Amino acid sequence: MTANGQTGKTFRLLLVLLLTVMAVGLGYAVLELHSSAGGLSKQVATNLEASGVSNPVTAVLLNFRGYDTLLEMAVLLVALIGVWSLGGIPDYRESSPGPVLDTLSRLLVPMLILVAGYLLWVGTHAPGGAFQAGSVLGAAGVLLLLSGWRLEKIFAGLPLRVILILGLGAFVTAGGGFLLIGNVFMEYPSALAGELILMVEAAATLSIGVTLAALFLGGRPEAGLDK
Amino acid sequence: MSHVFLYALLGVGLFVLGLYALIVHAHLLRKILAINVMGTGVFLVLVALAGRNQDTLPDPVPHAMVITGIVVAVSATALALILMLKVNGATGKNELPDRDRD
Amino acid sequence: MEALTLLQWVFDSLLVLCLFWLAGRALASPDLFKAIVLFIAFGLLMALAWVRLDAPDVALAEAAIGAGLTGALLLAALARLKSMGDLYRDDSDCGETKGDDS
């Protein structure tokens, strides 16, 4: 776009004009919405006890709109498959981490894992939940990868893949297992809903954390039996 | 007019700003930054409009959608960055080639 | 509580202006490293905006993913671009100077 100065200037002016018109139109559409519409908050509030948790966002994510969350975990997995199938990016150059990164990662990684566990547990009745805990776990993984740690080769084959699909698999099992007793897909029995949600969230936290750290690494880790 | 409409207007502004940067810049990393800013603008509009009724609690369904959207955006960004590195490795340039400039 | 609402309006307008300015500077900066750092700062301030919009779950997700992970991904990609660019430095054909290439 920096090739020809004159075409660039008229093009940019026309673009700014069109985008201003679009911004004004969108702003008008946004401001014209009624303030009195409550959306779905009433329906969520009336059904909250039946969902098994008391945080409305967790109830929507894991119970009312559980299908969206299922597909979102599949999207994470597909992105990782895409990254792995594009072949290897050469790994970082071998350099020892400086003293700051060394000390910080030793201090922060256990605390991040603890915070992730707390966010997972508190997500049932306060802000928190599987995605927040999984992303904190992914941040811990990124910190480990930056300081030079790599997964052992014996764990990089089947065990890594098992953890990656654990979240999706737990969700599909919880949603589809009760087809056997006559419920529809993704319908939890009300007595077990709270425990099922916690189990699915725990599996999803592990999966999301490992997937995000693997997305950061970029290449498929080599598997093998020998070191 | 409550304060949520201010954030909704910010969301619209970020979307248009990101769209302008996406069209104008040629460098692939800048395009990825622009798409992330556009996504953040859309999320702002969604969450701001979820809380526009000040008498009740905010609507939790758009909150859940935006949390899902943030996670999907980061995975798409990771895939796009790997694609950019592959394009750079294959052609040596940081931009996609123009069709009419041979 | 007139003073409190006035203070809230001032805080909201300052935050909105700051976010828009950060996004504009991040997208228009000629240095890519500076652009990514500004984008990380933008993500952190966005977590504040989510808190102002009564969305604490979204704020937690944005602080961890939008600021932390996306920033790490972008910086890692920039470092790889630079190291791969060093391989191509000798035989590249930049006849035209690109203003936004770093």
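Once a new chain begins, its residue numbering starts again from 1 and follows that chain's sequence as written. Each chain gets a letter, beginning with A, and each ligand a number, beginning with 1, in the order they are written. Side-chain atom pairs in this predicted model are given and counted only at pLDDT of 80 or more, local residue features only at pLDDT of at least 70, and totals for whole chains, interfaces and linings cover all residues. Only heavy atoms go into the side-chain values, all of them from the structure, while hydrogens and water stay out.

### Quick word on the overall build of chain A
No. 1: Strands here mean DSSP runs of E at least two residues long; helices mean DSSP runs of H or I at least four residues long; both are numbered from the N terminus. A tally of helices and strands in chain A yields 9 helices and 0 strands.
No. 2: In chain A, the succession of helices and strands from N to C terminus is α-α-α-α-α-α-α-α-α.
No. 3: Two things to know: the radius of gyration comes from C-alpha atoms, and the globule rule equals 2.2 Å times the number of residues to the power 0.38. Compactness check: chain A gives a C-alpha radius of gyration of 23 Å against a globular reference of 17 Å for 227 residues, more than 25% above the reference.
No. 4: If you line up chain A on its principal axes, its C-alpha atoms span 60 × 55 × 35 Å.
No. 5: Buried residues are those whose accessible area, probed at 1.4 Å on protein chains only, stays under 20% of the maximum for their type, while exposed residues exceed 50% and partly exposed ones sit between those limits. Counting every position in chain A, which comprises 227 residues, the buried fraction comes to 39%.

### Brief notes about the domain arrangement of chain A
Accessible area lost upon the coming together of the parts serves often as the stated size of an interface.
No. 1: Domain ranges listed in this record stem from an automatic or a database domain assignment. Partitioning chain A into domains gives domain 1 (1–33) and domain 2 (47–217).
No. 2: Averaged C-alpha coordinates put domain 1 of chain A and domain 2 of chain A at centres separated by 40 Å.

### A closer look at the environment of Leu114 of chain A
No. 1: With respect to the helices and strands, Leu114 of chain A occurs in helix α6 (residues 99–122).
No. 2: For Leu114 of chain A and Val44 of chain A, which are 70 residues apart along the polypeptide, the C-alpha to C-alpha distance reads 31 Å.

### Examining the nonpolar core
No. 1: Buried residues of nine kinds, namely Ala, Val, Leu, Ile, Met, Phe, Trp, Tyr and Cys, make up a nonpolar core once their side-chain atoms join them within 4.5 Å. If you look at the biggest cluster of nonpolar residues, it comprises 102 residues, and the most contacted ones within it are Tyr7 of chain B together with Trp50 of chain C.
No. 2: In this structure, Trp50 of chain C is in contact with Phe43, Leu44 and Val47 of chain B together with Ala55, Val58, Ala59 and Glu62 of chain C, ignoring residues within four places of it in sequence.
No. 3: Counting 7 residues, the second-largest nonpolar core is a separate cluster that includes Leu120, Ala133, Val136 and Leu137 of chain A. Contacts were defined at the residue level, with two residues in contact if any of their heavy atoms lie within 4.5 Å.

### Description of the interface of chain B and chain C
No. 1: The partner chain C presents 45 residues to the 46 residues of chain B that form the contact.
No. 2: For the chain B face of the interface with chain C, the top three residues by lost area are Tyr7, Arg30 and Leu33 of chain B, together amounting to 17%.
No. 3: A carboxyl oxygen of Asp or Glu within 4 Å of a side-chain nitrogen of Lys or Arg is what we treat as a salt bridge. Counting every contact that joins chain B to chain C gives 0 salt bridges.
No. 4: N or O atoms closer than or at 3.5 Å make up a polar contact, with two conditions inside protein: a donor-capable atom paired with an acceptor-capable one, and, for residues adjacent in sequence, both atoms drawn from side chains. Counting every contact that joins chain B to chain C gives 4 residue pairs in polar contact (both at pLDDT 80 or more).
No. 5: Counting only elements with at least two residues in the side of chain B that touches chain C, the list comes to α1 (4–24), α2 (28–50) and α3 (60–91) of chain B.
No. 6: The element that contributes the greatest number of residues to the side of chain B that touches chain C is α3 of chain B, accounting for 13 residues. By definition, the buried area sums, over both parts, the 1.4 Å-probe accessible area that each loses when the two are put together.

### Examining a nonpolar patch on the surface
All names here are of chain A.
No. 1: Where nonpolar side chains cluster on the molecular surface, the patch consists of Val100, Leu104, Leu107, Leu108 and Met111 and spans about 480 Å² of accessible area.
No. 2: Turning to its location among the elements, Leu107 is positioned in helix α6.
No. 3: Here Leu107 falls in the exposed class, since its relative accessible area comes to 55%. A patch is a set of surface residues, each over 30% in relative accessible area and not in a salt bridge, joined within 9 Å for like charges and within 5 Å for the nonpolar side chains Val, Leu, Ile, Met, Phe, Trp and Tyr. Using a 1.4 Å probe, accessible areas were evaluated by the Shrake-Rupley method; residue-level cover was limited to the displayed protein chains.

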